[in-house]
Amino acid sequence: MLQILINALRTGVVTVRYPAAQSVPPDRFRGSPVLRAGSHLPPPSVCPAGAISEHFDAAGRRAGLDLARCIFCGRCAEDPWADAVSMGRDFELAAHSRDDLRIEVVADDPAVTAPAPSRDRDAEAARISSEIHNVLGRSLHLRHLDAGSCNACDWELAALLNPVYDVRRLGIDFVASPRHADGVVVTGPVTRNLETAVHRTFEAIPDPRVVIAVGACAASGGIVGEGYASAGGVDRVLPVDVYIPGCPPRPEGILFGILVAIGRLDARRRPREG
Ligand code: SF4
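One structure accompanies this document, and this report is about it. (Residues numbered from 1 in each chain as written. Predicted model: local features only at pLDDT ≥ 70, side-chain atom pairs only at ≥ 80, totals over all residues.)

A word on the overall build of the protein chain
Counting its regular elements, the protein chain contains 6 helices and 10 strands. In the protein chain, buried positions account for 42% of the 274 residues. Sequence-distant contacts in the protein chain: of pairs separated by 6 or more residues, those separated by 24 or more amount to 81%. (Helix = DSSP H or I, 4+ residues; strand = E, 2+ residues; numbered from the N terminus. Buried ≥ 20, exposed ≤ 12 C-beta atoms within 10 Å, placed from the backbone. Contact = placed C-beta atoms within 7 Å.)

Here is the structure:
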């Protein structure tokens, strides 16, 4: 017992301070690709996930990137496109709609610059985090549902409960029953066999409720896509409130998405209370 106490004192506090303080991912971490307008951007055939698209108009060739599909493999940032694409380090990518995850740049035309994302993510996370108990008057309870994932996203979700990320310090917890939950966190593309379970879980959660799609498969079908065995993303089955890109997203990225979802829950509760 004494040795355990000594070890605990020697180890000190391991919990990260995110979102109160910005988190620095490890060097090997890959965030979303950054496309440089006016450069020789890669063709759609480069991307194994179908995240890159292109079309032509009066301005020239337009290249699109769908972050909901991207698996952050880094292939589009390799030679010969290394000058046009680099892998960023941003993990705060969650958005309320698929459209917010689509980036478009004009290639081969230096006169046209890429539209910059307008969200102030740091400010949004800090504001919502401080409001969590004001909104709910208690902890936020979420039900995790694996709808056919490879388990990578599930491991990152589980990491949220370990001493390093410890989401309970923010008043967020996971519960076993959907009847005790404020929302559902879905991983996986929703296999046809699990479609009914997804519907039933959603229906068992009291209204108002939020649906959070975690990872590329849940956000868009990802590398699995849509087919005889896969619905092709959670929004084909349920109304999704927050999409969290990544394959898998790192724990802070999931936490950021949950904080964004609290804002949506807040908006739904207020009319009822007013
Ligand atoms: S990082 Fe990989 S998945 Fe993402 S756009 Fe580039 S090639 Fe496609």
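What follows picks up the thread again.
Remarks on unusual backbone geometry
Cis geometry marks the peptide bond from Asp79 to Pro80; its omega dihedral reads 10°. Looking at where Pro80 falls in the secondary structure, it is placed in the loop between strand 3 (60-66) and strand 4 (85-87). Going from Asp207 to Pro208, the amide bond is cis rather than trans, its omega being 0°. Among the secondary structure elements, Pro208 is positioned in the loop between helix 4 (195-204) and strand 9 (210-214). One non-glycine residue, Phe72, lies in positive phi territory at about 55°. For Phe72, the location among the structural elements is in the loop between strand 3 and strand 4. Positive phi, normally seen in glycine, also occurs at Asn151, with a value near 90°.

A short note on the sheet that holds strand 2 (residues 52-57)
The 3 strands lie next to each other as 2-3-5, forming an open sheet whose pairing is antiparallel. The sheet is open, and its two edges are formed by strand 2 and strand 5 (102-106), each paired on a single side. Between one strand axis and the next, the sheet turns by 25° as a mean value, whatever way the strands run. (Pairing = 2+ DSSP bridges. Axes fitted to C-alpha atoms, helices over the stretch in contact; angles between N-to-C directions.)

Here's the deal with the site of the ligand
Close contacts around the ligand come from 14 residues, with Cys47, Cys70, Cys73, Arg75 and Cys76 the closest. Classifying every residue of the shell around the ligand by side-chain character gives 12 nonpolar, 1 polar and 1 charged. (Near = placed C-beta within 6 Å. Nonpolar A, V, L, I, M, F, W, Y, C, P; charged D, E, K, R; others polar.)

Digging into the nonpolar core
The biggest cluster of nonpolar side chains holds 75 residues, and the ones touching the most others in it are Val186, Val211, Ile212, Ala213, Val214 and Tyr243. Ranked by residues supplied to this core, first place goes to helix 6 (residues 251-273) with 9 residues. Built from parts of two domains, this core gets at least three residues from each of domain 1 (33-106) and domain 2 (121-273). Those residues in contact with Val211 that sit more than four places away from it in its chain are Gly183, Val184, Val186, Phe202, Val234, Leu238, Pro239, Val240 and Asp241. (Core = buried A, V, L, I, M, F, W, Y, C linked by C-beta atoms within 7 Å. Domains from an automatic or database assignment.)

Remarks on the environment of Pro25
Its location among the elements puts Pro25 in the loop between helix 1 (2-11) and strand 1 (33-35). C-alpha separation for the pair Pro25 and Asp90, spaced 65 residues apart in sequence, amounts to 9.0 Å. Among all residues touching Pro25, those that are not within four sequence positions of it are Arg89, Phe91 and Arg250.

A look at the pairing of strand 8 (residues 183-187)
For strand 8, a buried count of 5 out of 5 residues is recorded, marking the element as mostly surrounded by other parts of the structure. Here strand 8 shows a buried face lined by Gly183, Val185 and Thr187 and a second buried face lined by Val184 and Val186. Summarising the sheet, strand 6 (residues 140-146) and strand 8 pair through 5 bridges and their orientation is parallel. Opposite Leu142, over in strand 8, you have Gly183 as the bridge partner. Pairing analysis gives 5 bridges linking strand 8 to strand 9, with the strands arranged parallel. Across the sheet, Thr187 pairs through a bridge with Val214, a residue of strand 9.

Observations regarding helix 3 (residues 152-159)
Among the residues making up helix 3, those that are buried are Cys153, Glu156 and Leu157. Along the axis of helix 3, the buried positions cluster into a sector of 105°, meaning they face one direction only. (Arc of directions from axis to C-beta.)

Focus: helix 4
Of the positions making up helix 4, those classed as buried are Val198, Thr201 and Phe202. Down the axis of helix 4, the buried set is contained in an arc of 100°. They therefore lie on one face. Away from its buried face, by an angle of more than 90 degrees, helix 4 presents the exposed residues Thr196, Arg200 and Glu203. Tucked into the core, helix 4 has its buried residues touching strand 6, strand 8 and strand 9.

Side note on the sheet that holds strand 10 (residues 242-244)
Ordered by their spatial adjacency, 5 strands build an open sheet running 7-6-8-9-10, and the pairing between neighbours is parallel. Where the open sheet ends on each side, the last strands, each with one partner, are strand 7 (172-174) and strand 10. Across this sheet, the average inter-strand angle for adjacent strands is 25°, counted without regard to direction. Against the sheet, helix 3 touches strand 6, strand 8 and strand 9, its axis set at about 135° to strand 8.

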